Amino acid sequence: MTTTVDGPPDTGAGAPARGASSLVEAVFRAREISIAGALALLILGTYLANPRFLSGQGVRDLLLNASILVLLAVGQSAVVITRNIDLSVGSVVGLAAFACGRFVAGTDHGVLAVLLLGAAVGVVCGLVSGALVSYGGVPALVVTLGMLYIIQGVDYWWARGDQIGAAEVPDPVLRLGSGSVLGVPYLPLIALVVLAATASFLRDRASGRELYAIGSNPEAALLAGIPVRRRILAAYVFSGAVAGFAGALWLARFGTVVADNAHGWELTVVSAVVVGGVAITGGTGTVWGAALGALLLTTIGSVLVILKVDSFWQGALTGALLLLAIGVDRVVNLRMTAALRKRSARHGNGV
């Protein structure tokens, strides 16, 4: 005779946790939908003002321009989720692009070697920053700002005013930046693959979910047995690797590289991440939202060019969007905290 022993009945003890998780997911899903809606309205309005904006070449240029920023936003998101920041990504792109340019200039090196070199340069930079933040206990803002200036200094010293032209870059590398498959350029496809893989890792793997736990409450994550230092170090290494990889793609995209490529992109990358719903205080957000934020900022830049608006306003709008996103995050967090407290109180009273 077989006896079946049923598990204990669900007493509702897990209900608050599930409710909190559902509430958080709903809030940030709505945030991403609102960004997508704003992007659609911006594109529609610009199309009505200038139909050439959505021509085949116009869409292609928009996707190409957004690809590198999307990659940087993906890497930055992993760091920001842990309640840290990486201000050196723009400098890493410039250093990796110049290193790859010097590596291939006048040679027949293949695409794979260039991409691996770019990623390796980024890994080294990410290791230094990550080690100082995670094991050295130095504030991330101080470390990465210092790395920004160090990398720029190294790049300028190495370049000595020199530049690498497209004529020196092998054709296979240039084709990576200009080629397409079924009419879709390679670069957006590469960015999409990296984006999807990162999103899957953060959602489905325990080590990915631990990054959210660290950002939500580092002390509690440490008490729960999460290797906080190693995870933060890994996030910086990933961000550096993606930035270095993006530097190699920068070479493929533009052909010509100088010492200050991607100079000043730090604000744009952080803005894309925060506008996309990744909270600057850590613990919430998705790389899909960060990618939407990157696409929104890129579209705004293209729209201003088409409408012949002074480029100064692009920086001003980027800063305004950053402040707005941080303000929205603050309001949302306060309201969400209040809602969770009410829900917890109702559960505690047996309601």
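As the structure is a prediction and not an experimental result, all values here were calculated from the model.

## A short note on the overall build of the protein chain
Helix and strand counts for the protein chain stand at 13 helices and two strands. Out of the 351 residues in the protein chain, the part that is buried amounts to 45%. Accessible area of the protein chain: about 17,200 Å², with a carbon and sulfur share of 66%.

## Considerations on the packing of aromatic side chains
Counting across every chain of the model gives three aromatic pairs. Each ring, one from Trp250 and one from Phe254, has its centre 4.9 Å from the other, and the planes form 50°; the classification is tilted. With Trp250 and Phe254 both in helix α10 (residues 228-254) and four residues apart, this pair spans about one turn of that helix. Residue class for Trp250 comes out buried when judged on its relative accessible area of 9%.

## Remarks on unusual backbone geometry
For Arg83, which is not glycine, the phi torsion reads 70° and is therefore positive. Relative to the helices and strands, Arg83 resides in the loop between α2 (56-81) and α3 (89-104). According to the relative accessible area criterion, Arg83 is partly exposed, its value standing at 42%. Of note, Leu182 is a non-glycine position whose phi angle comes to about 55°, a positive value. Mapped onto the fold, Leu182 is located in the loop between β1 (180-181) and β2 (184-185).

## Topic: the pattern of salt bridges
By the definition in use, this model includes three salt bridges. Linking Arg102 and Asp162 is a salt bridge whose minimum nitrogen-to-oxygen distance equals 3.4 Å. Placement of Arg102 in helix α3 and of Asp162 in the loop between α5 (140-159) and α6 (171-178) is noted, with a sequence separation of 60 residues between them. Owing to a relative accessible area of 36%, Asp162 belongs among the partly exposed residues under this scheme.

## Digging into empty space enclosed by the protein
Within this structure, the stated rule accounts for one cavity of 30 Å³ or more. Quantified by volume, the largest cavity comes out at close to 70 Å³. As for the largest cavity, its lining consists of 13 residues, of which Ser91, Gln152, Ala259, Asp260 and Asn261 are closest to the centre. Top element by residues in the lining of the largest cavity is α5. It accounts for four residues. Its residues assigned to classes, the lining of the largest cavity shows four nonpolar, six polar and three charged.

## Thoughts on the side chain of Gln152
Relative to the helices and strands, Gln152 resides in helix α5. Leave out the neighbours within four places in its chain, and Gln152 touches Ser91 and His263.

## Topic: a nonpolar patch on the surface
Taken together, Leu44, Tyr47, Leu48, Leu54, Val59 and Leu63 make up a surface patch of nonpolar side chains, about 510 Å² in accessible area. Going through the elements one at a time, α1 (15-49) and α2 are the ones with two or more residues in the nonpolar patch. Residue contributions to the nonpolar patch peak at three residues, all from α1. Assignment of secondary structure puts Tyr47 in helix α1. Taking relative accessible area as the criterion, Tyr47 reaches 35% and is therefore assigned partly exposed.

Reading guide: rules and limits
- Residues numbered from 1 in each chain as written.
- Predicted model: local features only at pLDDT ≥ 70, side-chain atom pairs only at ≥ 80, totals over all residues.
- Heavy atoms only, no water.
- Helix = DSSP H or I, 4+ residues; strand = E, 2+ residues; numbered from the N terminus.
- Buried < 20%, exposed > 50% of the residue type's maximum accessible area, 1.4 Å probe, protein only.
- Areas by Shrake-Rupley, 256 points an atom, 1.4 Å probe, with all protein chains shown as cover.
- Phe/Tyr/Trp six-rings, centres within 6.5 Å; stacked < 30°, edge-to-face > 60°.
- Salt bridge = Lys/Arg side-chain N within 4 Å of Asp/Glu carboxyl O.
- 1 Å grid on protein atoms, 1.4 Å probe; cavity = no way out; pocket = protein on both sides within 12 Å on 5 of 7 lines; lining within 4 Å.
- Points joined across faces, edges and corners; volume = space filled by probe spheres on them.
- Nonpolar A, V, L, I, M, F, W, Y, C, P; charged D, E, K, R; others polar.
- Contact = heavy atoms within 4.5 Å.
- Patch = residues over 30% accessible without salt bridge, like charges linked within 9 Å, V, L, I, M, F, W, Y side chains within 5 Å.

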